[in-house]
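Descriptive structure summary
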Amino acid sequence: MPSIDLTGKVAVVTGSGRGLGLAYAHALAAHGASVVVNDVDEAVAGAAVKSLTEAGGRAVAEVVPVGTAEAAERLVNRAVEEFGRLDILVTNAGILRDKVLWKMTDEDFDAVITTHLRGTFTCARAAAVRMREQGGGGTLILVGSPAGQRGNFGQTNYAAAKAGIAAMARTWSMELGRANITVNAIVPVAATAMTETIPAFAPYIEAMRGGEPLPDFLRKGEGFGTPEDCAALVPFLASDAARGITGQAIGIGGDKVALWSHPQEIRAAYADGGWTPDSLADAFPTSVGAELQTVGIPAPKAPEAS
């Protein structure tokens with residue numbers, strides 16, 4: 001039996017019909033948790049439930065697009081009606097509407113913010129209400145992204161939502177601490193439908209699907225692997241072994257797990273009586289601006305052949 005035991009725990013995993021969400025659901029079920037699968041496609045959700053139950057798990061589906069308070073209530077209520085309680089929430093549901101700033105429409109922006117940011121908020125709020133009422137604590141696992149940590153070209157909406165999710169994890173960890181509810185953001189990096197569109201990753205993902213293993217420079221250097229590689233973090237954070245971990249952003253992928261830092265001041269300069277535009281122009285390049293921060297997700301680089 002695995003040492004991480006979630007027997008008797010009940011989880012809701014949004015966007016868990018396929019990809020990372022399905023991997024999270026399988027990992028939770030494999031360690032004893034009952035799972036409410038969520039997807040917008042009834043057939044996909046049904047297939048996910050079948051795969052979980054055939055593997056020996058307990059699962060039901062709730063087909064609804066996350067974002068609204070009504071959808072969040074449906075998910076929480078389904079967990080309680082089917083399994084009697086709610087202990088774990090994983091907010092994984094997401095969509096992409098990538099465009100550069102001057103081409104992104106209001107609809108592109110709102111759709112992504114509604115699913116990722118508002119969907120995380122409404123589902124977490126409903127889960128927190130239930131967990132506080134039933135007592136005994138709980139676990140909120142919010143799914144972030146490297147795009148939210150560093151920005152990413154063409155992803156104004158997605159990066160903004162994921163940055164907000166990390167901020168919500170820090171805020172809610174303080175608000176829910178007295179109720180023994182831990183809140184963490186995870187930052188997964190895996191071969192999915194989203195990442196296979198990145199040219200640097202595409203050939204390796206295609207080779208992996210043909211049965212070839214991902215090279216070490218990806219699995220270790222980039223922390224890039226399969227959805228199943230990322231899934232181990234979820235049952236760990238939901239377990240008693242992680243009750244002291246909250247308010248963190250934790251990256252995982254391939255063979256790598258990492259702790260992201262919170263934003264913080266890295267350099268400071270002072271001027272008696274305050275700053276003027278001219279004094280800033282004189283001092284900035286050699287003081288706080290001596291080493292400006294990079295932006296964007298670094299492209300993976302294969303090691304040069306010897």
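Here, the structure is the one placed above.
Attention in this report is confined to the structure presented alongside it. A quick note: this is a predicted structure, and the numbers were derived from the prediction, not measured. (Residues numbered from 1 in each chain as written. Predicted model: local features only at pLDDT ≥ 70, side-chain atom pairs only at ≥ 80, totals over all residues. Heavy atoms only, no water.)

**Notes on the nonpolar core**
Core analysis: the biggest nonpolar cluster contains 34 residues, and Tyr24, Leu28, Val90 and Ile186 have the highest contact counts within it. Residue contributions to this core peak at eight residues, all from helix α1 (residues 19-30). The residues contacting Val90, other than those within four sequence positions of it, are Val12, Val13, Thr14, Tyr24, Leu28, Ile141, Val143 and Val234. Core analysis: the next-biggest nonpolar cluster, separate from the first, contains 32 residues, Val60, Ala126, Ala128 and Met168 among them. (Core = buried A, V, L, I, M, F, W, Y, C linked by side-chain atoms within 4.5 Å. Buried < 20%, exposed > 50% of the residue type's maximum accessible area, 1.4 Å probe, protein only. Helix = DSSP H or I, 4+ residues; strand = E, 2+ residues; numbered from the N terminus. Contact = heavy atoms within 4.5 Å.)

**Focus on the layout of surface pockets**
Estimated volume of the second largest pocket: approximately 450 Å³. In terms of lining, the second largest pocket is formed by 15 residues, of which the most central are Gln149, Ser261, His262, Pro263 and Gln293. Breaking the lining of the second largest pocket down by element, the ones donating at least two residues are α5 (146-150) and α6 (156-175). Considered class by class, the residues forming the lining of the second largest pocket number six nonpolar, seven polar and two charged. (1 Å grid on protein atoms, 1.4 Å probe; cavity = no way out; pocket = protein on both sides within 12 Å on 5 of 7 lines; lining within 4 Å. Points joined across faces, edges and corners; volume = space filled by probe spheres on them. Nonpolar A, V, L, I, M, F, W, Y, C, P; charged D, E, K, R; others polar.)

**Looking at empty space enclosed by the protein**
If you walk through the whole model with that rule in mind, you get one cavity of 30 Å³ or more. Lining of the largest cavity is provided by Thr14, Val66, Thr91, Asn92, Ala93, Thr115, His116, Gly119, Thr120 and Cys123. Per-element accounting of the lining of the largest cavity gives the leading share, five residues, to helix α4 (residues 106-134). Here the residues of the lining of the largest cavity sort into three nonpolar, seven polar and no charged.

**Observations concerning the pattern of salt bridges**
Applying the stated criterion to the full structure yields eleven salt bridges. Arg78 is paired through a salt bridge with Glu62; the nearest N and O atoms lie 3.0 Å apart. In this pair, Arg78 sits in helix α3 (residues 69-83) while Glu62 sits in strand β3 (residues 58-63), placing the two residues 16 residues apart along the sequence. With a shortest N-O distance of 2.9 Å, Asp87 and Arg85 are connected by a salt bridge. Owing to a relative accessible area of 27%, Arg85 belongs among the partly exposed residues under this scheme. (Salt bridge = Lys/Arg side-chain N within 4 Å of Asp/Glu carboxyl O.)

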